[in-house]
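Notes for the structure review
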Amino acid sequence: MKKLALIIASVLTVSLFAGFAPKSTSEPTAKPDKQSVPAWLNEVNATPTPEPTARPAGVTPEPTADPNAAQTPEPESSPSEQPSDTPEPAQIPKPGFVRAGTPEAETVKVPILLYHHISDDFNLTNAISIISPRDFNLHMTAIKTQYTPISLREYVEFVNCKDGSKTLPTDPIIVTFDDGYLSNYEVAYPILKKLDIPATIFIVTDTVGEKSGDGKVNYTHFNWEQAKEMQDSGLIDIESHTNDHVKLGQLDKDTINYELRKSKYQIEKHLGKTCDMIAYPYGSYSDEAIQASKNAGFIAQCLVGDDATDIDYEVNIPRDGVMNLTRITVSGTMGNVNIIELVRKSIANKKID
Ligand SMILES: [Zn+2]
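The present account deals with the structure reproduced in this document. The residue count restarts for each chain, going from 1 along the sequence in the order it is written. The model is predicted, so local features are restricted to residues of pLDDT at least 70 and side-chain atom pairs to those at 80 or more, both for listing and for counting; the totals for chains, interfaces and linings are taken over all residues.

**Structural notes on helix 7 (residues 253-271)**
Going along the chain from the N terminus, every DSSP run of H or I of four or more residues is numbered as a helix, and every run of E of two or more is numbered as a strand. For a helix, the expected span equals 1.5 Å multiplied by the number of residues minus one. With 19 residues, helix 7 ought to run about 27 Å at 1.5 Å a step, and its terminal C-alpha atoms sit 27 Å apart, in line with that. Three or more residues of helix 7 are buried, namely Ile256, Glu259, Leu260, Ser263, Lys264 and Ile267. The buried residues of helix 7 occupy an angular sector of 110° when the element is viewed end-on, so they sit on one face. For helix 7, the exposed residues lying more than 90 degrees away from the buried face are Asp254 and Lys269. A residue pair is marked as a contact if its C-beta atoms, positioned from the backbone, fall within 7 Å. Buried residues in helix 7 make contact with strand 9 (236-240) and helix 8 (287-296). In this scheme every C-beta is placed from the backbone, and a residue whose C-beta has 20 or more other C-beta atoms within 10 Å is buried, one with 12 or fewer is exposed, and one in between is partly exposed. Each C-beta atom gives one direction from the helix axis, and the arc is the one those directions make.

**What to know about the nonpolar core**
Counting 76 residues, the largest nonpolar core has Ile112, Leu113, Tyr115, Phe136, Ile174, Ala188 and Val330 as its most contacted members. If one sorts the elements of this core by residue count, helix 5 (residues 182-195) sits on top with seven residues. Each residue touching Val330, except ones within four places of it in the same chain, is listed here: Leu113, Leu114, Tyr115, Ile131, His139 and Ile339. As used throughout, a nonpolar core is a set of buried Ala, Val, Leu, Ile, Met, Phe, Trp, Tyr and Cys residues joined through C-beta atoms within 7 Å of each other.

**Description of the packing of helix 3 (residues 133-146) against helix 5**
Close contact between helix 3 and helix 5 brings their axes to 10 Å; oriented N to C, the two are set at 25°. Overall, the two elements helix 3 and helix 5 adopt an arrangement that is roughly parallel. The interaxial crossing formed by helix 3 with helix 5 has right-handed handedness. Taking contact as the criterion, the partners of Pro133, Phe136, Asn137, Met140, Thr141 and Lys144 in helix 3 are, on helix 5, Val187, Ala188, Ile191, Leu192 and Leu195. Lines fitted to the C-alpha atoms define the axes, with helices restricted to the stretch that makes contact. Angles between their N-to-C directions range from 0 to 180 degrees. Should an angle fall under 35 degrees it is called roughly parallel, over 145 degrees roughly antiparallel, and 65 to 115 degrees roughly perpendicular, with every other angle called oblique. Crossings are classed by handedness, with left-handed meaning an anticlockwise turn of the near helix from the far one by less than a right angle and right-handed meaning a clockwise turn.

**Quick notes on the pairing of strand 2 (residues 112-115)**
Two faces make up the sheet, and in a regular strand the side chains alternate between them. Neither face of strand 2 is left uncovered, since the one carrying Ile112 and Leu114 and the one carrying Leu113 and Tyr115 both have all their residues buried. Relative to strand 7 (residues 172-179), strand 2 runs parallel, the two sharing four bridges. Paired with Tyr115 across the two strands is Phe177, which belongs to strand 7. Paired strands, in this sense, are two strands between which DSSP finds at least two bridges. Pairing geometry for strand 2 and strand 12 (residues 328-329), over two bridges, is parallel. Counted as the bridge partner of Leu114 is Thr329 from strand 12.

**What to know about helix 4 (residues 152-160)**
Residues of helix 4 that are buried include every one of Leu152, Tyr155, Phe158 and Val159, and no others. Buried residues of helix 4, viewed axially, fall in a sector of 125°; they line one side.

**Some points on unusual backbone geometry**
In this structure, Thr242 takes a positive phi of about 75° despite not being glycine. With phi around 55°, His245 is a residue other than glycine that occupies positive phi space. Relative to the assigned elements, His245 resides in the loop between strand 9 and helix 7. A count of 21 C-beta atoms within 10 Å places His245 in the buried class.

**A short note on the pairing of strand 7**
The element strand 7 is extensively covered by neighbouring structure, given that eight of its eight residues are classed as buried. Relative to strand 8 (residues 199-203), strand 7 runs parallel, the two sharing five bridges. Within strand 8, the residue paired with Asp178 across the bridge is Phe202. For the handedness criterion, the strands are oriented away from the viewer, and a crossover whose path from the first strand over the helix to the second runs clockwise is classed as right-handed. With respect to chirality, the unit in which strand 7 leads through helix 5 into the neighbouring parallel strand 8 is right-handed.

Encoded structure:
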């Protein structure tokens, strides 16, 4: 019933916002200016705080006065349980963080969220991969309050750390996007900047800058200039989702190598950075594709979590490494309460042997 209510709410939202839906032809051809921001984005920004009644029981409402308070992880135990005369040990991560290579590091579970297109123009058939701007804003606000967002690269560096120099928050969460939609630039990027949440966008290099209606894509993708602006901000990392959005698990070796190397080359040429992470389209992979990716220089691979056929609720743990990362696909029918519940359930379901 709850799900049905959400679906109905989503449909209502669609009709309410229909007049403000971004037109696919509105993609700026020159450097984007502030006037290109969709009108409804102001409305999204004006309602950043979730409805208190929508919060699950026991969850502390987001503080409105001190935004920094939400960034400090809660200590695992109550301060009153610790002797007050014990001095703080030096050179040990503050409570809420674990150091690479320690037994504690093995207990941290790492959810990686996967988003696609962000638009009010979703319906019951496409809602599995599209989320409304309002819901996306609510999700980001919620995870910022409940978890510590880190970049995928921070996690990769933590897992690969051999000298104990890296730390990981005990409540991490990672945000990723697949495909490279213009809405990631126009809608998600301003929200991520506002909340200081890092994200990785896995792009299909052959469709960068393609517009809906031109035959190649359903929804307009951001162009290289926009990709560069996001990459240069330091908050967004652009990585590979192959060149042609293909099922790597079903291809011969030569085609796999072409897809991997061309996408990597394009990203490095246009963005002036090393491209070394990949997300497999449709979650389609094979031993050959994994090996070819390693050989091509990819140090982290998201194997599952891309499409409706591939919904996966698994979270990651450091000992599993970063060559078989799993993600949580977020759909348009998930509201604010659901994203936190979904993450909590995913974490609870992950068993550490
Ligand atoms: Zn994809």
